[in-house]
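One-letter residues, chain by chain:
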Amino acid sequence: MILEVKDIHKSFGETEVLHGVSFQVKSGKALGLLGRNGAGKTTTIRILMDVFHANSGELLLDGARFVPREHRIGYLPEERGLYPKRTVMDQMIFLGTLRGMGTKEAKQSAKRWLRRLEVEEYAPRKLETLSKGNQQKVQLASTLVHNPEIVILDEPFSGLDPVNSQILKDVINELIAEDRLVIFSSHQMSYVEEFCDHIAIIDKGNVTLSGELKEIKREYGRNRLVLAAEGISPAEIKERAKQVLNGLAVVSEEKREFLILELAEGANRRQVLERLAASDISVERFGSYEPSLNDIFVEKVGEEA
């Protein structure tokens, strides 16, 4: 499946909050939907869920008009939406039947997902008696109870310790491997890099960057090099590198353990390495620079996630 979001505009009153949002996501290839708080991510998701209606633009699934109610969609919101005073099993069965399942089928599926997420023992307990992390796992189980073909996860790792995070990682990888269409929204960029082949960054209602993550990283790293010297801090090597590499490269950024160099027009990596080799700088690390997703995010929207 290919889900396309094409030129979506959305206004509340006289205020337009989405200004032509466009991106696409393919089944078996998770999309990371990123942005600062208030950027328009949740509004976009709610349009996909048919909670809000766009003022203009279109949603397409495999080239045809996408009608959300005709598809099984699992949505894990950032804010918990389950009933704290109902038992885990009762509300999972209830949610499964709301999504078209029979009671017996919903119960079997609930047991399977609770077991998969290692919270089966809490099935007869009220949700409010569980820890924050176990509530999050129950909420994910509820998201998946009806076997959705489209899965939208908003900050799914909230409240999880490293062990439970690994369980959730495994589940998300399984969903992707099963060729489901997965949209993943998080401020934790390391998770986005781990799961997502494609990203779309929304800033102030506009998509400022979208595409294949590997290609985006390659483009952002073009003409940039990493340099670290043995026994010398980046701050100490900075001035020496400026003198040695004058005309070939400039120091564009100083990290805790290395410098990022940007090649001058017409210069190449081999020339820089030769200049360094002829200097008194004892090179410990030298090579192409691959930016992290957090680096790219900061450059595009001006704030760390």
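In case you missed it, the structure is sitting above this.
Each helix and strand counted, the protein has ten helices and 14 strands in total. Judged by the C-alpha coordinates and their principal axes, the protein covers about 75 × 45 × 35 Å. Counting across all 305 residues of the protein, residues that qualify as buried make up 48%. Pairs at least 24 apart in sequence give 66% of the contacts found in the protein among residues at least 6 apart.

Per the stated rule, a full pass over the model turns up six aromatic pairs. An angle of 65° between the planes, with centres 6.2 Å apart, marks the rings of Phe157 and Phe184 as edge-to-face. Within this pair, whereas Phe157 is found in the loop between strand S7 (150-154) and helix H5 (162-177), its partner Phe184 is found in strand S8 (residues 181-185), the two being separated by 27 residues in sequence. According to the relative accessible area criterion, Phe184 is buried, its value standing at 0%. Here the aromatic residues Phe157, Phe184, Tyr191 and Phe195 are joined through ring pairs into a cluster of three or more. The cationic tip of Arg86 hangs over the ring face of Tyr83; the distance from NZ or CZ to the ring centre is 5.9 Å. Stacked on the ring of Phe258, the Lys or Arg Arg285 has its end atom at 4.7 Å from the ring centre.

Attention shifts here to the pattern of salt bridges. Under the criterion given, the structure shown has 16 salt bridges. The closest approach of N and O atoms between Glu128 and Lys85, which form a salt bridge, is 3.2 Å. With Glu128 in the loop between helix H3 (103-116) and helix H4 (132-144) and Lys85 in the loop between strand S6 (73-76) and helix H2 (88-98), the pair connects residues that are 43 residues apart, well separated along the chain. The class of Glu128 is partly exposed, set by a relative accessible area of 40%. For Arg222, the salt bridge goes to Glu219, with nearest N and O atoms at 2.9 Å. In this structure Glu219 comes out as partly exposed when scored by relative accessible area, which is 43%. Each of Glu193, Lys217 and Glu290 takes part in salt bridges that share partners, so that together they form one network.

Another point: the side chain of Arg224. When you line up the elements, Arg224 lands in strand S11 (residues 224-229). By relative accessible area, Arg224 is classed as buried at 18%.

Ranked by size, the top nonpolar core spans 52 residues in total, and within it Leu114, Phe184 and Ile199 carry the most contacts. When residues of this core are assigned to their parent elements, the largest contribution, six residues, is made by H5. Each residue touching Leu114, except ones within four places of it in the same chain, is listed here: Val88, Met89, Met92, Val119, Glu120, Ala123, Val138 and Ala141. One finds Leu33, Ile150, Ile183 and Ala200 within the second-largest nonpolar core, a separate group that totals 24 residues.

A few words now on the sheet that holds S7. Here six strands make up an open sheet; going across it, the order is S6-S7-S8-S3-S9-S10 and the pairing mixed. Both edges of this open sheet fall to S6 and strand S10 (206-212), since each of them pairs with a single strand only. Ignoring strand direction, the axes of neighbouring strands in this sheet form an average angle of 15°. Of the pairings in the sheet, the one linking S7 to S8 comprises five bridges and is parallel in character. By the bridge assignment, Ile152 is partnered in S8 with Ile183. Across the sheet, H5 lies against strand S3 (30-34), S7 and S8, angled at about 145° from S8, the strand it touches most. Against the sheet, helix H7 (residues 213-221) contacts strand S9 (196-203) and S10, and its axis sits at roughly 105° relative to S10.

Cut-off values and rules
Residues numbered from 1 in each chain as written. Predicted model: local features only at pLDDT ≥ 70, side-chain atom pairs only at ≥ 80, totals over all residues. Heavy atoms only, no water. Helix = DSSP H or I, 4+ residues; strand = E, 2+ residues; numbered from the N terminus. Buried < 20%, exposed > 50% of the residue type's maximum accessible area, 1.4 Å probe, protein only. Contact = heavy atoms within 4.5 Å. Phe/Tyr/Trp six-rings, centres within 6.5 Å; stacked < 30°, edge-to-face > 60°. Lys NZ or Arg CZ within 6 Å of the ring centre and 35° of its normal. Salt bridge = Lys/Arg side-chain N within 4 Å of Asp/Glu carboxyl O. Core = buried A, V, L, I, M, F, W, Y, C linked by side-chain atoms within 4.5 Å. Pairing = 2+ DSSP bridges. Axes fitted to C-alpha atoms, helices over the stretch in contact; angles between N-to-C directions.

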